[in-house]
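Residue-level listing of the chains:
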Amino acid sequence: MAEAQPASMATQVAEIVLDRAKSMIPCSTTNTESCVIEAKIADVWAKIRYWKLEELAPSIVRSTEWTDGDAGRVDSIVKISYTDATWYWRVTELSERNHTLAYELVQTEPAIPVSSIVGELALEAVTDSDQTFLRWSTEYSNDVDNEFMGDAKWKKRDMFSAIKATFAASAQ
């Protein structure tokens, strides 16, 4: 009877890589969600540009705190305390003219299984009404998996619902 041969180096590496794989289902590393908010763009922008998320979505965000720099300044770090985690974001772009805010993830507590997240919030006035179109685009590093992408999609939609509820309540 022949003696078992040791596994080749390629087989050993493949086994390690497959053990580390989070998902065997290919997925996109980008996500864009959007909504229409029943409020003027100036009112929505006044909250978004300064990251006043605890005012927009108090059921999701407990607090925001500037740990480096100031609200409304590029290269500042904002600590967002959600109901279930704390994330630190760095503002990478802020445009009054285009009503856009870009950011990158710096740190999370607890840690997440994704190396990099960058995104942008963009507002546009709906020209035939006093509404605002909000587009939220995010790019993830290629270690993101389908489960994380799905969760992120629904969390954005939950945030939209909370923001809409906040402006609906203030309109009454």
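Computed from a predicted structure; not experimentally measured.

K.L.:
What should I look at first to understand the overall build of the protein chain in this one?
P.N.:
Looking only at helices and strands, the protein chain has 4 helices and 7 strands in total. By residue count, 36% of the 172 residues in the protein chain fall in the buried class. When contacts within the protein chain are restricted to residue pairs at least 6 apart in sequence, those whose partners lie at least 24 apart make up 48%. Summing over all exposed atoms, the protein chain offers an accessible surface of approximately 10,400 Å²; the carbon and sulfur share of this is 50%.

K.L.:
Would you mind going over the sheet that holds strand β7 (residues 131-140) with me for this structure?
P.N.:
Pairing between sheet strands relies on hydrogen bonds along the backbone, with the strands arranged either parallel or antiparallel. Strand order in this open sheet of 7 strands is β1-β7-β6-β5-β4-β3-β2, and the pairing throughout is antiparallel. In this open sheet, the two edge strands, each paired with only one partner strand, are β1 (30-37) and β2 (61-68). Each adjacent strand pair in this sheet contributes to an overall mean axis angle of 25°, direction not counted. On the sheet, helix α2 (residues 41-48) packs against β1, β4 (86-95), β5 (100-109), β6 (117-126) and β7 and is oriented at approximately 160° with respect to β6. The sheet contacts of helix α4 (residues 146-171) involve β1, β2, β4, β6 and β7, and relative to β1 the element is tilted by about 15°.

K.L.:
Please clarify how α4 should be interpreted in this entry.
P.N.:
Three- or four-residue spacings in an α-helix give side chains the same orientation, since the helix completes a turn every 3.6 residues. In a regular helix each residue adds 1.5 Å, so 26 residues correspond to 38 Å; α4 covers 38 Å between its end C-alpha atoms and thus fits that length. Taken residue by residue, α4 has F148, M149, A152, K156, M159, F160, A162, I163 and F167 as its buried positions.

K.L.:
Just checking my understanding: could you explain the pattern of salt bridges for this structure?
P.N.:
Should the charged atoms of two oppositely charged side chains come close, the side chains can pair. A full pass over the atoms with the stated rule returns 10 salt bridges. Linking E96 and R49 is a salt bridge whose minimum nitrogen-to-oxygen distance equals 2.1 Å. Here the residue E96 occupies a position in the loop between β4 and β5, and R49 occupies one in the loop between α2 and α3 (53-56), the gap between them amounting to 47 residues. When its relative accessible area of 42% is taken as the criterion, E96 is described as partly exposed.

K.L.:
I'm lost on α2 in this one. Help?
P.N.:
Of all the residues in α2, the buried ones are I41, V44, W45 and I48. Along the axis of α2, the buried positions cluster into a sector of 100°, meaning they face one direction only.

K.L.:
Mind showing me how you'd approach the packing of aromatic side chains here?
P.N.:
Here a ring pair, both rings aromatic, is described through the centre-centre distance and the interplanar angle of the planes. Counted according to the given criterion, the structure contains 6 aromatic pairs. Among the aromatic residues, those joined into a ring-pair cluster are W51, Y82, W87, W89 and Y103. One Lys or Arg, R157, reaches over the ring of W154 and ends 4.8 Å from the middle of that ring.

K.L.:
Just checking my understanding: could you explain the pairing of β5 for this structure?
P.N.:
Along a regular strand, successive side chains alternate from one face of the sheet to the other. Where β4 meets β5, 9 bridges bridge the pair, whose relative direction is antiparallel. Bridged to E93 within β5 is A102. The hairpin formed by β4 and β5 contains 4 residues between the paired strands, and H99 there has a positive phi angle of roughly 55°. Direction of pairing for β5 relative to β6: antiparallel, over a ladder of 5 bridges. Within β6, the position partnered with L101 by the bridge is L121.

Definitions and cut-offs
- Residues numbered from 1 in each chain as written.
- Predicted model: local features only at pLDDT ≥ 70, side-chain atom pairs only at ≥ 80, totals over all residues.
- Heavy atoms only, no water.
- Helix = DSSP H or I, 4+ residues; strand = E, 2+ residues; numbered from the N terminus.
- Buried < 20%, exposed > 50% of the residue type's maximum accessible area, 1.4 Å probe, protein only.
- Contact = heavy atoms within 4.5 Å.
- Areas by Shrake-Rupley, 256 points an atom, 1.4 Å probe, with all protein chains shown as cover.
- Pairing = 2+ DSSP bridges.
- Axes fitted to C-alpha atoms, helices over the stretch in contact; angles between N-to-C directions.
- Expected span 1.5 Å × (residues − 1).
- Salt bridge = Lys/Arg side-chain N within 4 Å of Asp/Glu carboxyl O.
- Arc of directions from axis to C-beta.
- Phe/Tyr/Trp six-rings, centres within 6.5 Å; stacked < 30°, edge-to-face > 60°.
- Lys NZ or Arg CZ within 6 Å of the ring centre and 35° of its normal.

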